[in-house]
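Below, each chain spelled out in residue letters.
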Amino acid sequence: MSQLSYKAAQLHIESVALPELAERFGTPLYVYSKSQILANWEKFRAFWPSQHKLCYAVKANSNLAILQLLAKQGAWFDIVSAGELKRVLAAGGKAGHVVFSGVAKSEAEIRFAIEQGIGCFNVESAAELERIEQVARALKTRAPVSLRVNPDVDAKTHPYISTGLKANKFGIAMDDAMAVFRRAHTLNHIELLGADCHIGSQIMTDAPFLDAAQRMFSLLERLRDEAIELSHLDLGGGFGVDYQGEQTLDVQSYLEGVLELARDYPQLTLMLEPGRAIVGDAGILVSKVEYVKQSDDKQFVLVDAGMNDLMRPSLYQAWHDILPVHERPGVADAIVDVVGPVCETGCFLGHARHLNVQADDLIAVKHAGAYGFTMASNYNTRVRPAEVLVEDDQVWLIRERETFDDLIRGERLIAEE
Ligand code: LLP
């Protein structure tokens, strides 16, 4: 993130020193840069004519203030639950600007989304299509629908976040797609609007995306031959960020590639669903070093953020850069394992890192803006962190730290005999 820099030997985000934020709000603490989020958004917007839509994938970071910020930029939203739809609405977004993905939508979620005036359901199976038809019939309306097709391309990403292969649970197999489109076209309570795909996440080159897009355009051609005209094509999200300083996909060349493929469809609205690329590098997790412990040939830095706060290292062996908040020029780095307080060997933030820290120092885990807080849990009865948004020297607390009372709300003791 270009919004991180050392000034007077202290790490700052925008113009704010991290020790100040830690002092004010405590640790662990998620901190996001508003300027970085806006810059990331603009990277897509600049090459995407306004006829086309960018649907921010809410699951990456669903804090209301961030949804509000993006809604103000004209974002549409990609959601996967009624809860995420409620968040969009609470943040001032419009249901009509929301696409609803997700493999196992419940009847109640479908009803709620139709009642709110959802922009489109991204339908994942023939069975879901029938369910939406039934719910829409009961509500005496027509439900706007796109069919999610599984284009069977290998996105070459971590197996847990690859979604576009035949073997994955997502979408309708390409071989079955025509039949389901024909069916959708004939249903009375379905308004068939589009087709969609999403091949995975943290994808670093445009080749698999363009491959998938090409397959989707040939599907559109076959549909056109049968006089089934779609008004939109949604190519999903999945654009990678440079956790380890890697080369990322060139957004401009990808978007231009898609626009080129769409040249025979001037009426078609194109949609993308970026999540990580908008917020990933705009957030850090600030944590305090509790102890430094030497054990045999290893040095452990024990910090107050754990796998419950940032699950990605434990779940995907994901690598996040870790920076010391206090610079100590002239003191050599040690090679350390940065580990959290949760009682699992898998609770770590980074292994074999070159760091120079002492007890009571702060560290900053980079690129924690996407799938950080949203995947946090209360494991080990740990409250989830506070979240703060920063722009220049302005600071907003956008989520209070949870309390123990929040955690036990709803729990009941049983009556004694
Ligand atoms: N659209 C659909 C239908 C999706 O399933 C996803 C992500 C996105 C858009 C946004 O993808 P993005 O642009 O953020 O890559 N927890 C994992 C990532 C899981 C992504 C799931 N789907 C991680 O921390 O790496």
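Along every chain, residues carry numbers that run from 1 in the direction the sequence is written. Restriction of local features to residues with pLDDT of at least 70 applies here, the model being predicted, together with a cutoff of 80 or more for giving and counting side-chain atom pairs; totals for whole chains, interfaces and linings are based on all residues.

For the protein chain, the name recorded in an unreviewed UniProt entry is Diaminopimelate decarboxylase, with Idiomarina fontislapidosi as its organism. Under the Function (unreviewed entry) heading, UniProt states for the protein chain: "Specifically catalyzes the decarboxylation of meso-diaminopimelate (meso-DAP) to L-lysine." UniProt positions are given in the numbering used here, feature names are shortened, and annotations may be inferred rather than shown by experiment. Looking at the protein chain in UniProt, the text filed under Subunit (unreviewed entry) is "Homodimer."

### Looking at the UniProt feature "active site" (unreviewed entry) in the protein chain
Listed under "active site" (unreviewed entry) in the UniProt record, and renumbered for this structure, are Cys 343. Helix numbers and strand numbers start at the N terminus; a helix is a DSSP run of H or I with at least 4 residues, a strand a run of E with at least 2. In this structure, Cys 343 sits in the loop between β17 (334-339) and β18 (348-355). Exposure classes come from backbone-placed C-beta atoms, where a residue is buried if 20 or more other C-beta atoms lie within 10 Å of its own, exposed if 12 or fewer do, and partly exposed in between. Classification of Cys 343 by C-beta neighbours within 10 Å gives exposed; the count is 9.

### A word on helix α6 (residues 126-138)
To estimate how far a helix should reach, multiply one less than its number of residues by 1.5 Å. Here α6 contains 13 residues, and its C-alpha end-to-end distance of 19 Å stays within 8% of the 18 Å for a straight helix at 1.5 Å per residue. Regarding α6, the residues found buried are Glu 128, Leu 129, Ile 132, Val 135 and Ala 136. Taken down its axis, α6 places every buried residue within 130 degrees of arc, on the same side. Exposed residues lying more than 90 degrees from the buried face of α6 are Ala 127 and Ala 138. In this structure, the buried residues of α6 make contact with α5 (107-116), β8 (120-123), β9 (143-150), α7 (174-186) and β11 (190-196). Downstream of α6 by one or two residues, Lys 140 has phi in the positive range, about 55 degrees. Directions from the helix axis toward the C-beta atoms define the arc. In this description, a residue-residue contact is defined by the distance between C-beta atoms placed from the backbone, which must lie within 7 Å.

### Examining the site of the ligand
Residues in close proximity to the ligand total 21 residues, the closest being Ala 57, Ser 201, Gly 237, Gly 275 and Tyr 371. Mapped onto the shell around the ligand, the elements with two or more residues apiece are α10 (276-279) and α11 (312-316). Here the residues of the shell around the ligand sort into nine nonpolar, eight polar and four charged. Where a domain begins and ends is set by an automatic assignment or by a domain database. In terms of domain composition, the shell around the ligand takes at least three residues from each of domain 1 (4-32 + 280-408) and domain 2 (102-272). As a rule, any residue with its backbone-derived C-beta atom within 6 Å of a molecule or strand is reported as near that molecule or strand. All amino acids are sorted into three groups, where Ala, Val, Leu, Ile, Met, Phe, Trp, Tyr, Cys and Pro are nonpolar, Asp, Glu, Lys and Arg are charged, and the leftover types, Gly among them, are polar.

### Observations concerning helix α2 (residues 34-45)
Between the first and last C-alpha of α2 there are 16 Å, a value that for 12 residues agrees with the 16 Å anticipated at 1.5 Å per step. Those residues of α2 not exposed but buried are Gln 36, Ile 37, Asn 40, Trp 41 and Phe 44. Along α2, the residues classed as buried sweep out an arc of 135 degrees about the axis, all on the same side. Packing partners of the buried residues in α2 comprise β4 (29-33), β5 (53-57), α3 (64-72), α9 (251-261), β13 (269-272) and α10.

### Let's talk about the sheet that holds strand β2 (residues 10-13)
Here a strand pair is declared whenever DSSP counts at least two bridges between the two strands. One open sheet holds the three strands; their spatial order is β1-β2-β3, and the pairing between them is antiparallel. Each edge of the open sheet carries a strand with a single partner, namely β1 (4-7) and β3 (16-17). Pairing of β1 with β2 involves four bridges; the strand directions are antiparallel. By the bridge assignment, Ser 5 is partnered in β2 with His 12.

### Brief notes about the pairing of β17
Bridge count between strand β15 (residues 298-303) and β17: four bridges; the pairing is parallel. Following the sheet pairing, Leu 302 is matched in β17 by Val 339. Note: β17 against β18, five bridges, orientation antiparallel. Bridge pairing in β18 places Val 339 opposite Phe 348.

### Remarks on the nonpolar core
Residues of type Ala, Val, Leu, Ile, Met, Phe, Trp, Tyr and Cys that are buried and joined through C-beta atoms within 7 Å form what is called a nonpolar core. Core analysis: the largest hydrophobic core is formed by 113 residues, its most contacted members being Val 31, Ile 132, Val 145, Met 216, Leu 235 and Ile 363. Top contributing element to this core by residue count: helix α8 (residues 207-225), with six residues. Split by domain, the residues of this core number at least three in each of domain 1 (4-32 + 280-408) and domain 2 (102-272). In this structure, Met 216 is in contact with Val 149, Pro 151, Ala 195, Cys 197, Leu 233 and Leu 235, ignoring residues within four places of it in sequence.

### Some remarks on the domain arrangement of the protein chain
Parsing the protein chain into structural domains produces domain 1 (4-32 + 280-408) and domain 2 (102-272). Its residues assigned to classes, the side of domain 1 that touches domain 2 shows three nonpolar, three polar and one charged.

### What to know about the environment of Leu 268
Inspection of the secondary structure puts Leu 268 in the loop between α9 and β13. A tally of 18 C-beta atoms within 10 Å means that Leu 268 is categorised as partly exposed. Considering only alpha carbons, one finds Leu 268 and Ala 138, 130 residues apart in sequence, at a separation of 31 Å. Discounting residues that sit within four places of it in the chain, Leu 268 has contacts with Ser 231, His 232, Leu 233 and Ala 262.

### Digging into unusual backbone geometry
Negative phi is the rule for most residues except glycine; trans is the rule for most peptide bonds. Looking along the chain, the bond that leaves Thr 27 and enters Pro 28 is cis, with omega of -10 degrees. When you line up the elements, Pro 28 lands in the loop between α1 (18-25) and β4. Phi at Asp 392 is positive, roughly 55 degrees, even though this residue is not glycine. Tracing the backbone shows Asp 392 in the loop between β20 (386-391) and β21 (394-399).

### Observations regarding the environment of Ala 213
Considering the arrangement of structural elements, one finds Ala 213 in helix α8. Excluding anything up to four places from it in sequence, Ala 213 contacts Leu 235, Val 258 and Leu 261.

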